[in-house]
Every structure is written in C-alpha cells, then in structure tokens.
Amino acid sequence: MRRTDREVTDIDEIKSILRECHIINSGFRTDDYPYVVPTNYGYEFNDEQLVLYIHGAPVGYKRKLIAADSRMGFAIHDAGKLMMPKDPSKNTPSMAYQSVMGYGDAELIDDLDAKKHALVQILKHEIGDQWKTVKITDKALQYVGVIKINVKKMTAKAHSANDAGFVS
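1. Remarks on the nonpolar core
Judged by nonpolar contacts, the single largest core of 24 residues is most densely connected at Leu18, Ile24, Tyr41, Leu52, Phe74, Ile76 and Ile149. If you list the elements that add at least two residues to this core, you get α1 (11-20), β2 (23-28), β4 (42-46), β5 (49-56), α2 (61-68), β6 (71-77), β8 (94-109) and β9 (145-159). Per-element tally for this core: the top contributor is β9, with four residues. Dropping the residues within four chain positions of it, Phe74 is found in contact with Ile24, Asn25, Ser26, Leu52, Val100, Met101, Gly102, Tyr103, Val151, Lys153 and Met154. One finds Ile109, Ile136, Val144 and Val146 within the second-largest nonpolar core, a separate group that totals twelve residues.

2. Details of the pattern of salt bridges
If the charged atoms of two oppositely charged side chains come close together, the side chains can form a pair. Applying the stated criterion to the full structure yields four salt bridges. Ionic pairing is found between Arg29 and Asp69, a salt bridge with its closest N-O pair at 2.8 Å. Taken together, the residues span a long stretch of sequence, with Arg29 in the loop between β2 and β3 (35-39) and Asp69 in the loop between α2 and β6 at a distance of 40 residues. Two residues, Arg71 and Asp69, come together in a salt bridge whose shortest N-O distance is 2.9 Å. Given the relative accessible area of 44%, Arg71 is considered partly exposed. Connected via shared salt-bridge partners are Arg29, Asp69 and Arg71.

3. Quick notes on the layout of surface pockets
Put simply, the largest pocket is a space of about 150 Å³. Along its surface, the largest pocket is lined by eleven residues, and Tyr97, Gln98, Ala158, His159 and Ser160 are the ones closest to its centre. Elements represented by at least two residues in the lining of the largest pocket include exactly α1, β8 and β9. A per-element tally of the lining of the largest pocket places β8 first, with three residues. Class assignment of the residues belonging to the lining of the largest pocket gives a composition of five nonpolar, three polar and three charged.

4. Section: the packing of aromatic side chains
Each aromatic ring pair is characterised by the separation of its centres together with the angle its planes make. Scanning the entire structure with this criterion turns up two aromatic pairs. With centroids separated by 4.7 Å and ring planes inclined at 80 degrees, the aromatic side chains of Tyr35 and Tyr61 adopt a geometry described as edge-to-face. Linking Tyr35 in strand β3 with Tyr61 in helix α2, this pair joins segments that are 26 residues apart in sequence. Geometrically, the ring pair formed by Tyr41 and Tyr43 is tilted, given 6.3 Å between the ring centres and 40 degrees between the ring planes. Tyr43 shares its class with Tyr41; the two are buried. Its guanidinium or amino end placed over the ring of Phe45, Lys15 lies 4.8 Å from that ring's centre, counting from NZ or CZ.

Thresholds, definitions, all that
The residue numbering used here restarts from 1 in each chain and proceeds along that chain's sequence as written. Thresholds applied to this predicted model are a pLDDT of at least 70 for local features of residues and 80 or more for the giving and counting of side-chain atom pairs; totals over whole chains, interfaces and linings are not thresholded and use all residues. Excluded from the side-chain calculation are hydrogens and water; included are all heavy atoms of the structure. Among buried residues, the Ala, Val, Leu, Ile, Met, Phe, Trp, Tyr and Cys ones that are joined through side-chain atoms within 4.5 Å form a nonpolar core. Residue burial is assigned from relative accessible area. The probe radius is 1.4 Å, only protein chains are included, and a residue is buried under 20% of its type maximum, exposed over 50%, and partly exposed in between. A run of DSSP states H or I qualifies as a helix once it reaches four residues; a run of E qualifies as a strand once it reaches two. Both are numbered from the N-terminal end. Here, residues are in contact when the closest pair of their heavy atoms is within 4.5 Å. Salt bridges, as used here, are contacts in which a Lys or Arg side-chain nitrogen is within 4 Å of a carboxyl oxygen on Asp or Glu. Detection works on a 1 Å grid of protein atoms alone, calling trapped sets that fit a 1.4 Å probe cavities and calling open sets with protein on both sides within 12 Å along at least five of seven lines pockets, with lining residues defined by an atom within 4 Å of a point. Grid points are joined across faces, edges and corners, and a volume is the space filled by probe spheres set on the points. Residues are sorted three ways: Asp, Glu, Lys and Arg are charged, Ala, Val, Leu, Ile, Met, Phe, Trp, Tyr, Cys and Pro are nonpolar, and all the rest, Gly among them, are polar. Any pair of Phe, Tyr and Trp rings, taking the six-membered ring for Trp, is counted once the centres come within 6.5 Å. Such a pair is stacked with planes under 30 degrees apart, edge-to-face with planes over 60 apart, and tilted for the rest. Geometrically, a charge over a ring is one whose NZ (Lys) or CZ (Arg) sits within 6 Å of the ring centre while staying within 35 degrees of the ring normal.

As structure tokens, this is what we get:
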C-alpha cells in the first residue's frame, strides 16, 4: 500500500467501515476482462475471518463465472466526499473516503438454511433490527441466488476531514 498513513489495520475500525458502507463491487474472472457487479451485502466474522454475502438471481452470468472459477476480488467503499484545504492559498482539494478491498473464493449457496442465514446477514446490515419483521419464505429462498465470499486477504484505507489541513 503506497499511502501507509491511510491504512486501517485495527479490526474494530475495519468493522466500522463495513457497517457504514453499503455497496460492494464484486469482480469476477472472465476469459478477457473482469466482470464487476455492484450490489448490497451482508457480512460476519468467524473468529477473525471475514465472510461476505451477496444475493441476486438464481441464474445468470455472475453465477456462471463463479462456477467456472471461484476466485474473485471486491471493493467496499462509501461514496467519498470532496474536502477543501483550510488554507485557501493551497488550493489542493482531496477526497475523504473509507474502503475495504480484497479477494477471496466465492461459493454458490443452494442449501435453504444457509441461504436464509446469508439473507439475514444482508438484512441485518441494511436495515438493522428491522430485519426481524421480514418474513423469508421457503418460496423466496428457492428463487433467490446467494453467494458466500470467503475472504482470503483484505486491506482497508480511510482519509477523513479530521485529517490535518482540510475542512469538511
């Protein structure tokens, strides 16, 4: 990582980034170019191991690519925000951001109990305790496609308006 001053290594800070962000860009391998798909996500930690969950249609290109090669990359980030310098004579804006990036192995989930577990993780992340009011039916579980990502490596970065020299 080039900007080690912006690297985030504290696991609690990484968990905070994962909580605050809501879009994952998942990159899958093709014969020619990466295929990148933005979706919402859910996550959990099994000990220190990050597991991500995404969902979508039960058939399609993304699932075909995973079946052929489960290796994939991801980037989770907020939308960022332009920051202006405190000293107007410097005239060098910067971006505030936070992100978690990495790679892992994607797994197509067919087991209904495992699908339900994954969907609950997505709902918890997206709507908090309101997930308890959502009824996940067997019919819905049979139709939805769920992908589990076992993260092998991740890095995180952040740059905020609290950093010296900028105003939000």
